[in-house]
Each structure stands twice: as C-alpha cells, then as structure tokens.
Amino acid sequence: KIFWGKENLVSILELGPNITIPNEKLTTDRFLIVMEGTINLKNEDNNLKMISKNREEPDGTHSGTPKMDFIFQKKGSDSEIVVGDEAAKVMEVYNPIRLDYLEKIGITDLPSEIQERSTSIQATIVPNTVYDFYDIQLTQIKKGVFTRLVSAGNMQLSLVTADPNAESQAHIHPEEQITLLLRGSLTETVLDKKLNLEPKDIAFVPGNMVHANITGDTGFDALEIFNPIREDCRVDKGNFTPSLSQNRT
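Parameters and conventions
Residues numbered from 1 in each chain as written. Predicted model: local features only at pLDDT ≥ 70, side-chain atom pairs only at ≥ 80, totals over all residues. Heavy atoms only, no water. Buried < 20%, exposed > 50% of the residue type's maximum accessible area, 1.4 Å probe, protein only. Helix = DSSP H or I, 4+ residues; strand = E, 2+ residues; numbered from the N terminus. Pairing = 2+ DSSP bridges. Core = buried A, V, L, I, M, F, W, Y, C linked by side-chain atoms within 4.5 Å. Contact = heavy atoms within 4.5 Å. Salt bridge = Lys/Arg side-chain N within 4 Å of Asp/Glu carboxyl O. Lys, Arg positive; Asp, Glu negative; His and termini not counted. Polar contact = N/O pair within 3.5 Å; in protein donor to acceptor, adjacent residues only side chain to side chain.

## Observations concerning the pairing of strand E17 (residues 211-227)
Then, in step 1: Along E17, 13 of the 17 residues are buried, which leaves the element largely enclosed by surrounding structure.
Then, in step 2: The sheet contact formed by strand E12 (residues 155-162) and E17 spans 7 bridges and is antiparallel. Opposite Val 160, over in E17, you have Ala 222 as the bridge partner.
Then, in step 3: Across 3 bridges, the pairing between strand E13 (residues 167-171) and E17 is antiparallel. Bridge assignment links His 171 to a residue of E17, and that residue is His 211.
Then, in step 4: One ladder, built from 13 bridges, connects strand E14 (residues 176-190) with E17; its direction is antiparallel. Residue pairing for E17: Gly 184 is matched across the bridge by Phe 220.

So this is what it looks like as structure tokens:
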C-alpha cells in the first residue's frame, strides 16, 4: 500500500514467511518501522534484528510491554530485508518521494529526479541504529494527549496516544501532516469537513489548513508524519520539546 503527500511517501509492505527483499542502495532517505513480526535487516556491514510486539495485559503471572523497532537510513545506504518463518509487516517513510515506487504502480510522466530540501534542524537519532519507539521520551502536548517525537532528514514522526474524549482545538501549521490511525477512533475536522477515522484509516492535511480533532470513547493511538519538520518543536539535548506557547499539536 503506497500513499504520499507533497514530499513524503509512505509504503506499507506485507511480507510473507521467508521472503527476502534483495540488497539495494536507497535512492532517498528512509525510516523503516516494523509494525508486525520480526525481520533481519542487513544495513551496510551490520545484520540487525528488528521486532514488533503488542502489549501483553497482566494476568497475575506475567505481562509484556509493547515494542516497535525503527531505523533511519540515509540516501545511498545498503539495505536487504529478510523475513523469518513468520509473516511480518513493515512501514517505509521516504523523503523525497521514491520515484521508482510510483513507476511500479503505473504512474507515468514523472520527473527524472526530485530536488531534495535542505535542512539545518538537528536530528534526534543516529542513522543506521535500531530504536524502539516506546523507548523514546513521552511528551505531553496538551491535556490528555501525549507523543513520542522523532526526526531526521526532512521527516518527523509522532507516535501519539490520546485519552478518551480528548480534544484539540482548531489550529494551523505550515507543515503537511499524514495521520495513520493504529487503534481506537478519531474525528478529524479539516476546514468544515469531518473525517471519522477507524484503525488503518489515513487522513492527509496539507500545510496551512485549519484542522481540529476529538478522540473517541476509547482514546486512540496514531502515527503522524510531518513534512517538513515542525518548527514549533525545538531540539533540546537530542529530544524534541514542544513549544506549548503556540496553539499547535
């Protein structure tokens, strides 16, 4: 499944058991996120194991915390993905848009290349290093809404969790936003149009467009993808600290 905005392209790959995506040199920067299962990633000279697993509710004898591994790889990096005996699902986020993916789905009349946007904003992670999203600092961005923010290159990822019936007032920011709902329900209002999101639904909000949202009765988890990096967040010793003086989420 492939979807994209002005500069970010997102690809969700469902990988069967014992599948290999052969070694390639990445043509653009990439975030690779494991959504389900386990993969082995051959990255440069490293063989990296990446895992995703759900939270296990306590039953009196054991419990388990969730895990969602991800890695940032710069343009030109070597990459090979190998799946074990069980199926897996991964998400790729590219910037700029990966043109050969658009060719694969039949889009024609494409430019020979896309100009890369320069940035001076400090990355919050080190390339070619596996991280667990749930190890990233959890930051409250408004009452009942929390996020884990990561940025590198021209991409910013926000893993958001919200309490039931939490509300974000109408606001605007110049960066475009793609939202993929992972759990729960969310009503997103863009201008005067209401979008009712259920798990696996996607909403796209272009830059400089007024939007608001309200959480359903069970709260929600979502992955938000911004381009370019949100200027109302600042880097502080490697972690994002939202500027709460501005009415943004």
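On we go.
## Structural notes on the nonpolar core
Then, in step 1: In this structure, Phe 31, Ile 33, Met 91, Val 93 and Phe 133 are the most contacted members of the largest nonpolar core, which totals 23 residues.
Then, in step 2: For this core, the elements supplying multiple residues, two or more each, are strand E2 (9-15), strand E4 (29-43), strand E6 (67-73), strand E8 (88-95), strand E11 (145-152), E12, E14 and E17.
Then, in step 3: Residues in contact with Ile 33, not counting those within four places in the same chain, are Met 68, Asp 69, Phe 70, Lys 89, Val 90, Met 91, Val 93, Phe 133, Leu 157 and Leu 223.
Then, in step 4: Counting 13 residues, the second-largest nonpolar core is a separate cluster that includes Leu 32, Ile 81, Val 83 and Ala 88.

## Details of the pattern of salt bridges
Then, in step 1: Within the structure shown, the criterion is met by 12 salt bridges.
Then, in step 2: The residue Lys 67 makes a salt bridge to Asp 132 at a minimum N-O spacing of 3.9 Å. Note that Lys 67 is positioned in strand E6 and Asp 132 in strand E9 (residues 131-132), a separation of 65 residues in sequence.
Then, in step 3: Here Arg 183 makes a salt bridge to Asp 221, at a shortest N to O gap of 2.9 Å. In this pair, Arg 183 sits in strand E14 while Asp 221 sits in strand E17, placing the two residues 38 residues apart along the sequence.
Then, in step 4: Taking the relative accessible area as the measure of exposure, Arg 183 reaches 33% and is therefore partly exposed.
Then, in step 5: Look at the salt bridges and you will find they share partners, linking Glu 14, Glu 36 and Lys 89 into a network.

## Quick word on the side chain of Glu 224
Then, in step 1: Positionally, Glu 224 belongs in strand E17.
Then, in step 2: Arg 230 provides the closest opposite charge to the buried, unpaired Glu 224, separated from it by 6.0 Å.
Then, in step 3: A polar contact is formed between the side chain of Glu 224 and the side chain of Gln 177, at a distance of 3.4 Å.
Then, in step 4: When residues no more than four places from it in sequence are discounted, the contact partners of Glu 224 are Gln 156, Leu 157, Ser 158, Val 160, Gln 177, Ile 178 and Thr 179.

So, to be careful, I would describe these as geometric facts and stop short of saying anything about function.
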